[in-house]
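Read off the chains here:
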Amino acid sequence: TGFVGMALSYGLSLNFAFVVSIEMQCKLANQIISVERVNQYMDIQSEAAEVVEENRPLSDWPQNGNVDIRDLKVIRCKYLQGKK
């Protein structure tokens, strides 16, 4: 019975060591991937300027965002009646 208890104790400690080992490998893999991503982001071209002077809208371009809807007609599709 002492041998069985020792075997169970040894097996449980090996199981714990295995779990800790896998956890450490996963953390290491995450850190390596993070470094790889930073390295990739360093090679990305920067975005264009917010205002491109050569591509500005005309001076008569509307200054506000209002939309006027005139003579709007809405019809209901007979095919979709009764469906939700």
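Placed above this text is the structure.
In what follows, the accompanying structure is described. Here the structure is a predicted model, which is why all the values come from computation and not from measurement. (Residues numbered from 1 in each chain as written. Predicted model: local features only at pLDDT ≥ 70, side-chain atom pairs only at ≥ 80, totals over all residues. Heavy atoms only, no water.)

Next up on the list: the overall build of the protein chain. Across its full length, the protein chain carries 1 helix and 0 strands. Radius of gyration (C-alpha) of the protein chain: 33 Å, far over the 12 Å computed for a compact globule of 84 residues. Taken along the three principal axes of its C-alpha coordinates, the protein chain extends 90 × 55 × 20 Å. Counting across all 84 residues of the protein chain, residues that qualify as buried make up 0%. In the structure as shown, the protein chain presents an accessible area of about 9,300 Å², 58% of it carried by carbon and sulfur atoms. Averaging the coordinates of the 9 positive side-chain charges in the protein chain and doing the same for the 10 negative ones gives two points 23 Å apart. (Helix = DSSP H or I, 4+ residues; strand = E, 2+ residues; numbered from the N terminus. Rg over C-alpha atoms; globule rule 2.2 N^0.38 Å. Buried < 20%, exposed > 50% of the residue type's maximum accessible area, 1.4 Å probe, protein only. Areas by Shrake-Rupley, 256 points an atom, 1.4 Å probe, with all protein chains shown as cover. Lys, Arg positive; Asp, Glu negative; His and termini not counted. Charge placed at Lys NZ, Arg CZ, Asp CG, Glu CD.)

Let us now look at the pattern of salt bridges. Evaluated as defined, the whole model comprises 2 salt bridges. For Lys 27, the salt bridge goes to Glu 23, with nearest N and O atoms at 3.5 Å. With Lys 27 and Glu 23 both in helix 1 (residues 2-42) and 4 residues apart, this pair spans about one turn of that helix. Of the charged contacts in the structure, one is a salt bridge between Asp 68 and Arg 70, with a shortest N-O distance of 4.0 Å. This pair shows no difference in class: Asp 68 is exposed, exactly as Arg 70 is. (Salt bridge = Lys/Arg side-chain N within 4 Å of Asp/Glu carboxyl O.)

Another aspect to go through is the environment of Leu 72. Checked against the element boundaries, Leu 72 lands in the segment after helix 1. Leu 72 sits 58 residues away from Leu 14 along the chain, and the two C-alpha atoms are 75 Å apart.

The subject of this paragraph is the environment of Gly 2. Within the secondary structure, Gly 2 sits in helix 1. Sequence spacing of Gly 2 and Asn 15 is 13 residues, and the spatial spacing of their C-alpha atoms is 20 Å.

Another aspect to go through is a nonpolar patch on the surface. On the surface, Phe 3, Val 4, Met 6 and Leu 8 cluster together into a nonpolar patch covering about 470 Å² of accessible area. Within the secondary structure layout, Met 6 lies in helix 1. Assessed through its relative accessible area of 53%, Met 6 is described here as exposed. (Patch = residues over 30% accessible without salt bridge, like charges linked within 9 Å, V, L, I, M, F, W, Y side chains within 5 Å.)

What follows deals with unusual backbone geometry. Of all residues except glycine, most have a negative phi; of all peptide bonds, most are trans. The phi dihedral of Asp 71 is positive, around 55°, even though this residue is not glycine. The residue Asp 71 is located in the segment after helix 1 in this model.

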